[in-house]
Each structure stands twice: as structure tokens, then as C-alpha cells.
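Given next are the chains, with one letter for each unit.
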Amino acid sequence: MSARDRVTLALVAACAVAGAAACGVACAAPARAAPGHAKPPKATEMSYYYDLLDQAIARPITRAADPALGVRALTRHPREAVNADADDQVRLPSTWWQPRVGFRGVTPEQLAHGPGPGTGPAPGPFTITKAKSQGVTPGFYITDANGDKFIVKFDPPGLEELGSGADVVASVLMWGAGYNVPDDAIFHFRREDARIGDKVEFTPAHGRKHVMQPSDLDAMLSHVAQGPDGRYRAVASRLIEGKPLGPFRYEGRRADDPEDMIPHEHRRELRGLWVVAAWLSHTDVRAPNTLDMWETSGGRSFVRHYLIDFNGALGAGSIGEKSLQSGTEYFVDWGVMAKHLVPLGLVPFQWEAFKDPELPCLGRFDVATFDPDGWRPDYPNPAFDQRTLRDVRWGARIVAGFDDELIRAAVARGEYSDPRCSADLAAVLIGRRDKIVHRWLDGMPRRTAAR
């Protein structure tokens with residue numbers, strides 16, 4: 001066991017963290033590998049708490065004590081991405097990323113379509129096959145009238161349209177940026193559309209597990225706002241075809257995948273993701289919000305790597321609004337603590353300039369407090385920590401490729417009931433894009449895809 005692992009485990013024990021949260025199964029439809037192909041890698045699980053303590057506390061400590069990293073920083077000779085080709089672009093083919101906006105022509109219609117079909121569950125009755133009642137918001141798995149499978153998630157109480165809109169809009173923009181994402185869509189339904197499948201297990205927040213009853217569904221929906229027409233709003237994420245293998249890490253390799261030959265922290269597409277995440281304020285970009293899938297295509301089976309769960313992007317914060325500090329500080333930010341230790345808070349924090357638009361559907365997402373140089377996710381990401389100027393400019397070229405028309409097409413997928421939400425969200429995305437372009441591509445040609 002490494003020193004870093006010992007530090008992390010000690011922190012976990014000290015915090016009395018118990019249990020592990022499996023990631024990714026929620027977005028995957030189980031399937032077996034095609035006969036005659038290699039066996040899939042072993043499915044993995046990841047503890048959210050272990051990952052949090054490892055990345056926020058243990059890894060920064062071990063990085064600070066690493067002499068090799070110190071020498072590289074002092075001599076200004078960072079290690080460049082390993083998988084960049086002679087033109088300084090991602091070497092293809094890649095199961096992590098595909099060139100789209102900024103590299104190839106993408107129309108507003110194609111962007112709105114996303115990974116496709118982008119229509120959500122079929123109209124009419126659907127069957128609940130599994131229910132989730134724990135946590136801040138309820139949700140369930142369904143099979144629609146066409147036999148397609150989805151996971152359905154709702155907005156937090158009192159924040160209608162915030163998380164669902166952020167999830168759908170950010171996923172479409174991430175797809176446009178070239179990343180593999182699930183097909184998410186806004187889903188409206190009535191209570192009479194919902195059917196409960198046979199022997200669906202249900203565990204209420206304060207009670208025992210039992211077979212789900214109509215009264216349980218009514219109790220779940222009592223915490224979800226209804227629109228003026230009596231319908232409920234949710235985000236429906238189409239289950240990805242293939243065998244789920246659990247999350248990938250932003251460092252190291254998957255040892256049982258022979259095609260995973262490059263340490264993840266040295267991949268251009270993962271390092272450059274920092275710029276796209278900063279643009280979208282996707283502060284929850286971390287290993288538990290990823291998913292490896294064993295898929296079969298073109299006569300062979302392989303692992304494809306997905307980014308999932310974007311309800312922590314834009315102004316949303318997964319379980320509510322983003323905090324004021326989000327995007328400017330890590331959860332545990334040693335640098336910020338040191339900076340404000342001597343002046344004892346007399347120096348204003350960056351986030352203090354935030355002006356609330358007073359639009360609950362938008363949340364805390366602005367241009368004024370956005371710093372393209374200093375943006376940070378909720379806690380350190382190993383690939384982001386290794387980024388170099390070349391990685392950042394690669395990501396900035398992608399962001400620059402999203403013209404105003406593309407951005408508005410993506411925002412329309414959020415189906416906001418208040419036109420101010422759509423207008424303000426598009427304006428913020430455009431303003432943040434322009435800041436990134438000015439900071440990282442000023443004086444360089446913008447590689448906007450021709451249409």
C-alpha cells in the first residue's frame with residue numbers, strides 16, 4: 001500500500017466513513033459481451049467519500065512532497081500530454097473523445113440532437129422497474145411504451161428546472177465538445193402515465209423495504225412540483241447499451257483493459273476537459289461521475305469512457321444551488337486559506353462580487369466572477385493538475401467553436417418555462433466563452449467549424 005493510500009484510509013477511518021457508493025450503474029443498461037470476443041474487464045466500484053478525501057486532502061499532501069514535481073515546476077518543464085499527434089491534436093481513434101465542435105461542422109440541429117435521439121421516453125404509459133426514495137430528491141427507473149429504458153430524476157424541492165435544465169443543457173454541450181455522454185432529455189408526465197412493475201422493491205426514507213404500492217409513488221411525487229397543466233417535470237437519462245464497468249479514474253490506467261495504455265492524467269482530452277468544465281462551471285467533474293462501458297461495435301468489443309451526471313453544472317449544485325464559493329475554491333483549499341490567513345478576511349473573496357439574478361431556474365452562474373485562469377472544480381482533479389498551456393489552448397479552441405447559434409440551440413433543450421432563464425443562460429455562456437477566447441486564444445486564429 002502506498003503512502004498516499006495509507007493517508008487516505010486514515011482519513012476515512014478518522015471521519016468514520018462507512019460503505020461505498022457504486023457509480024455508473026444508474027446510467028447503464030446491462031448487456032453481455034458478444035460471443036467470441038474477449039471477456040470484459042471486471043466491474044469496479046468507488047466510494048464517493050474515499051475519492052473526496054483522497055483528492056481533497058491526501059493527494060495534495062503527497063504532491064507537495066514529490067521532488068520530481070517540484071523540479072518540473074521550478075524549471076518550467078511540465079510533462080506534456082502523451083497522446084497528442086504531430087499537429088498537437090488528440091491521436092485518433094479514441095474511445096474517450098471524438099472531434100466535433102471546433103474541428104468539424106456541427107449544425108444547431110445536430111447539437112440539439114446530441115448523442116440521440118434526444119426525445120426522451122415515448123409518450124404514454126411507462127412502467128417503473130426500480131425506485132429510489134433516499135437522498136434529497138426521489139427518482140426511478142422506467143421502461144417506456146417502446147421498451148426503451150431510462151432513469152428519471154427530479155429537481156430539488158423549491159428549485160424547479162434548475163438541476164434538470166442544467167443536466168440536459170450541459171450534457172448536450174459536452175457532447176458537442178466531443179465527449180461521450182448519455183442521451184438526456186426533459187421529461188413531462190402525468191401521474192396516470194406511471195405504472196408500477198411487478199415486485200418493485202421500495203424503501204421509504206424512514207421505514208422498511210417492501211413491495212412498492214401506488215401510495216408510495218404518490219408520496220414520492222408529493223415532493224415534486226407540478227406544472228400548471230398538472231404534469232411533473234424531470235430529466236430522463238437513456239440507459240447506455242452495453243455492460244457497465246463502473247467509473248474510470250482521472251489518473252493511472254485500467255490494468256485489465258489492454259487498450260488502456262496511457263495514464264489518464266497524461267491524456268490530452270482529459271487535461272483539456274478543464275477548459276470545457278470551466279466554461280460550464282461543471283464543478284462536480286470527478287471520478288464517481290464517470291462510467292466505463294463494455295460495448296460491441298464494428299465486430300469487436302472494447303471499453304468506451306463516458307462522462308455522466310451534469311446536474312452539478314451551470315448554476316446547479318447537484319442537490320441545490322451552487323455555493324457562492326463554487327468555481328473559485330476547492331472544498332478544502334490550502335491556497336485560499338493561506339492567502340486569507342494574515343489579512344483575517346479583510347481582503348475580499350472573488351465570489352463576493354457575485355450578483356444574484358434572482359432566477360431560481362438559473363442558479364449561481366455568471367460572467368463577472370468567472371476567472372478563466374483560476375477556475376477550480378469542487379476538489380482537485382489529477383488530470384487537470386497536469387494540464388499545460390498546450391492542453392488548455394486545445395480545450396479553448398473547442399469552446400471557441402461554439403458560436404451563439406449553437407449555444408442557443410443547446411439552451412433550448414433545457415425547456416425553461418421562463419424566457420428570461422433561456423436568455424440569461426445563453427448570455428452567460430456566451431460571455432464566459434468570450435472570456436476564455438480572449439484569455440487563451442487572443443491573437444490566435446479561432447478554429448470555428450465551418451457549416
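What this report covers is the structure whose coordinates are included nearby. (Residues numbered from 1 in each chain as written. Predicted model: local features only at pLDDT ≥ 70, side-chain atom pairs only at ≥ 80, totals over all residues. Heavy atoms only, no water.)

**Section: the packing of helix α12 (residues 404-412) against helix α13 (residues 419-441)**
- It is at 9 Å that the axes of α12 and α13 come closest, and there the two elements cross at 140°. As judged from the angle between their axes, α12 and α13 are oblique. For the crossing formed where α12 meets α13, the hand is right-handed. On α13, the residues that touch Asp404, Ile407, Arg408 and Val411 of α12 are Ser422, Leu425, Ala426, Leu429, Ile430 and Arg433.
- Class assignment of the residues belonging to the contact of α12 with α13 gives a composition of six nonpolar, one polar and three charged. (Axes fitted to C-alpha atoms, helices over the stretch in contact; angles between N-to-C directions. Helix = DSSP H or I, 4+ residues; strand = E, 2+ residues; numbered from the N terminus. Parallel < 35°, antiparallel > 145°, perpendicular 65-115°, else oblique. Left-handed = near helix turned anticlockwise from the far one by under 90°. Contact = heavy atoms within 4.5 Å. Nonpolar A, V, L, I, M, F, W, Y, C, P; charged D, E, K, R; others polar.)

**Quick notes on the pairing of strand β13 (residues 300-307)**
- In terms of residue burial, β13 counts as a mostly covered element, since six of its eight residues are buried.
- Relative to β13, strand β12 (residues 290-297) runs antiparallel, the two being bridged by eight bridges. Within β13, the residue paired with threonine 296 across the bridge is serine 301. (Buried < 20%, exposed > 50% of the residue type's maximum accessible area, 1.4 Å probe, protein only. Pairing = 2+ DSSP bridges.)

**Describing the packing of aromatic side chains**
- In total, this model carries 15 aromatic pairs according to the counting rule given.
- For the ring pair tryptophan 97 and phenylalanine 103, a centre distance of 5.5 Å and an interplane angle of 85° mean the geometry is edge-to-face.
- Of the residues examined, phenylalanine 103 reaches a relative accessible area of 21% and is grouped as partly exposed.
- Counting every residue linked through ring pairs, the aromatic cluster contains Phe126, Phe140, Phe154, Phe187, Phe189 and Tyr232.
- Sitting over the face of the ring of tryptophan 274, arginine 387 holds its NZ or CZ atom 3.9 Å from the ring centroid.
- Directly above the ring of phenylalanine 370 sits arginine 432, whose terminal nitrogen or CZ lies 4.0 Å from the centroid. (Phe/Tyr/Trp six-rings, centres within 6.5 Å; stacked < 30°, edge-to-face > 60°. Lys NZ or Arg CZ within 6 Å of the ring centre and 35° of its normal.)

**Digging into the pattern of salt bridges**
- What the rule picks out here adds up to 24 salt bridges.
- Residues lysine 153 and aspartate 167 are paired through a salt bridge, measuring 3.7 Å at the closest nitrogen-oxygen approach. Of the two residues, lysine 153 is situated in strand β4 (residues 149-153) and aspartate 167 in helix α5 (residues 162-176); the sequence distance between them amounts to 14 residues.
- A salt bridge links arginine 439 to aspartate 373; its shortest N-O distance comes to 2.7 Å. With a gap of 66 residues between them, arginine 439 in helix α13 and aspartate 373 in the loop between α9 (334-339) and α10 (382-385) connect regions that are remote in the sequence.
- A residue is classified by how much of its surface remains accessible, and aspartate 373, at 36% relative accessible area, is partly exposed. (Salt bridge = Lys/Arg side-chain N within 4 Å of Asp/Glu carboxyl O.)

**Observations concerning the side chain of asparagine 83**
- Residue placement: asparagine 83 occurs in the loop between α3 (67-75) and α4 (108-113).
- A relative accessible area of 2% places asparagine 83 in the buried class.
- Among the polar contacts listed, one links the side chain of asparagine 83 to the backbone nitrogen of arginine 268, at a separation of 2.8 Å.
- A distance of 2.7 Å separates a polar atom in the side chain of asparagine 83 from a polar atom in the side chain of glutamate 269.
- Residues contacting asparagine 83, with those up to four places away along its chain left out, are Gln89, Val90, Arg91, Ile262, His266, Arg267, Arg268 and Glu269. (Polar contact = N/O pair within 3.5 Å; in protein donor to acceptor, adjacent residues only side chain to side chain.)

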